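Reading the structure
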Amino acid sequence: EPEVTQTPSHQVTQMGQEVILRCVPISNHLYFYWYRQILGQKVEFLVSFYNNEISEKSEIFDDQFSVERPDGSNFTLKIRSTKLEDSAMYFCASTRPTLYGGAEDTQYFGPGTRLTVL
Amino acid sequence: AQSVTQLDSQVPVFEEAPVELRCNYSSSVSVYLFWYVQYPNQGLQLLLKYLSGSTLVKGINGFEAEFNKSQTSFHLRKPSVHISDTAEYFCAVSATFYSSASKIIFGSGTRLSIRP
């Protein structure tokens, strides 16, 4: 069964450094998402992406964050200058289009990338 | 806007006992409802979902949930739990617009711990 993959599984970085988290969504999916989960807290929506554009973003997704689909398979989340509070598990998700062109109800999540900012 | 409240942060139960994890939601628009499970050090796995139709939905691993519109609840149940059910359980909603689902809003999670 196809699945969403994410690399790396764990990333350690120094405060102020740039990081890029990578995701390979399921191949026929067209809607892409990033969520994050700070340790011990709930999963929070960051951004959704469709047709090479951001569809929606949360208050967390400020100018330090950006997303890109550089080719036909990868979906990346970049944090330009990491802060201590960016330490979290980052989940990528994707979903298919419906027959009517909207996003299907079930999002498929990757295993996550644990980002540790020192 | 949508919100999800999971009333219990932790639920300890004995093996083979029944369990109910409570979830209430609020939304001004139609929503889809979900339960996700997160096993230790793993990602999120869909347990079950309610889109429409029968209010009782069955999921994987013997779990089921009942949608109650008047009480805006979507409680998760299992008649007999196993040690392997030890995990964090997240209730979630997704608003629907013209048959298109939007971002998922998660509850704060309930940690289910099973005692032998």
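Look a little higher up for the structure.
Residue numbers run consecutively from 1 along every chain, following the written order of its sequence. Here chains are named by letter from A upward and ligands by number from 1 upward, in the order in which they appear as written. For a predicted model such as this one, the threshold for reporting local features is a pLDDT of at least 70, and the threshold for listing and counting side-chain atom pairs is 80 or more; totals across whole chains, interfaces and linings nevertheless cover every residue. Side-chain calculation: all heavy atoms of the structure are included, whereas hydrogens and water are not.

All right, on to the overall build of chain B then. Across its full length, chain B holds zero helices and twelve strands. Listing every helix and strand of chain B by position from the N terminus yields β-β-β-β-β-β-β-β-β-β-β-β. Both definitions apply: the radius of gyration is a C-alpha atom measure, and the globule rule equals 2.2 Å times residues to the power 0.38. At 14 Å, chain B has a C-alpha radius of gyration in line with the 13 Å of a compact globule built from 116 residues. Oriented by its inertia axes, the alpha-carbon framework of chain B measures out at about 45 × 30 × 20 Å. By the criteria applied, helices consist of DSSP H or I runs no shorter than four residues and strands consist of E runs no shorter than two, each listed in order from the N terminus.

This part takes up the interface of chain A and chain B. Tallying the contact residues gives 18 residues for chain A and 20 residues for chain B. Accessible area that two parts lose when put together, evaluated with a 1.4 Å probe and summed over both, is termed the buried area. In total, about 1600 Å² of surface goes out of reach between chain A and chain B, with carbon and sulfur atoms giving 57% of it. Every case where a carboxyl oxygen of Asp or Glu lies within 4 Å of a side-chain nitrogen of Lys or Arg is listed as a salt bridge. Applying the counting rule to chain A against chain B returns two salt bridges. Measuring nitrogen to oxygen at the nearest pair gives 2.4 Å for the salt bridge that ties E56 of chain A to K103 of chain B. Whenever a nitrogen or oxygen atom comes within 3.5 Å of another N or O atom, the pair is scored as a polar contact, on the condition that within protein one atom can donate a hydrogen and the other can accept it, and that pairs from neighbouring residues in sequence are kept only if both atoms are in side chains. Summed over the shared surface of chain A and chain B, the result is seven residue pairs in polar contact (both at pLDDT 80 or more). When contributions to the side of chain A that touches chain B are tallied by element, the ones reaching two or more residues are β4 (31-37) and β5 (43-50) of chain A. The element that contributes the greatest number of residues to the side of chain A that touches chain B is β4 of chain A, accounting for three residues. Residue polarity is assigned by list, with Asp, Glu, Lys and Arg as charged and Ala, Val, Leu, Ile, Met, Phe, Trp, Tyr, Cys and Pro as nonpolar; anything else, Gly included, falls into the polar class. Along the lines of polarity and charge, the residues of the side of chain A that touches chain B split into eight nonpolar, six polar and four charged. In what follows, residue pairs with any heavy atoms lying within 4.5 Å of each other are defined as contacts.

A few words now on the pairing of β5 of chain A. All names here are of chain A. Per-residue accessibility, obtained with a 1.4 Å probe over protein chains only, is compared with the maximum for each type, and a residue is labelled buried under 20%, exposed over 50%, and partly exposed between these values. Of all eight residues in β5, six are buried, a share of seventy percent or more. Two elements, β4 and β5, share seven bridges in a ladder whose sense is antiparallel. Each bridged residue has a counterpart across the sheet, and for Y33 the counterpart in β5 is S48. Pairing between two strands requires that DSSP report at least two bridges joining them. Turn length for the β4-β5 hairpin, with the two strands adjacent in sequence and antiparallel, is five residues, and the turn residue G40 shows positive phi of about 85°.

Once that is clear, we can look at unusual backbone geometry. For the bond from T7 of chain A to P8 of chain A, the omega torsion is -10°, close enough to zero to count as cis. Checked against the element boundaries, P8 of chain A lands in the loop between β1 (5-7) and β2 (10-13). Even without being glycine, N61 of chain B reaches a positive phi, approximately 60°. The residue N61 of chain B is located in the loop between β7 (56-58) and β8 (64-68) in this model. The partly exposed category is assigned to N61 of chain B, whose relative accessible area is 39%.

All right, on to the nonpolar core then. Where a protein is soluble and globular, its nonpolar side chains tend to be buried together. Put simply, a nonpolar core is a bunch of buried Ala, Val, Leu, Ile, Met, Phe, Trp, Tyr and Cys residues held in one set by side-chain atoms that sit within 4.5 Å of each other. Grouped together as the largest cluster of nonpolar side chains are 29 residues, with contacts concentrated most on W35, L48, F74, L76 and Y89 of chain B. For this core, the secondary structure elements donating two or more residues are β2 (10-14), β3 (19-21), β5 (31-38), β6 (45-50), β8, β9 (73-78), β10 (87-97) and β12 (110-115) of chain B. Formed by 21 residues, the second largest nonpolar core is a distinct cluster that contains V47, I79, C92 and L115 of chain A.

Here we take up the state of the cysteines. Residues and elements named next belong to chain A. For the purposes of this analysis, a disulfide is any pair of cysteine sulfur atoms at a distance within 2.5 Å. For the structure shown, the criterion picks out two disulfides over all chains. Two residues share a disulfide in this structure: C23 and C92, whose sulfurs sit 1.9 Å from each other. Around the S-S axis, the bridge from C23 to C92 shows a dihedral of about -65° and counts as left-handed. Taken together, the residues C23 in strand β3 (residues 19-24) and C92 in strand β9 (residues 88-95) connect sequence positions 69 residues apart. Its relative accessible area of 1% is what places C23 among the buried residues.

All names here are of chain A. What the four strands build is an open sheet, ordered β1-β3-β8-β7; its pairing is antiparallel. Of all strands in the sheet, those bounded by a partner on one side alone are β1 and β7 (65-68). Strand-to-strand twist across the sheet, computed as the mean angle between neighbouring axes with direction ignored, equals 20°. Judged from the four bridges that link them, β7 and strand β8 (residues 75-79) form a sheet pairing that is antiparallel. Fitted lines through C-alpha atoms give the axes, limited to the stretch in contact for helices. The angle between two N-to-C directions lies from 0 to 180 degrees.

By themselves, these observations are geometric and do not establish any function.
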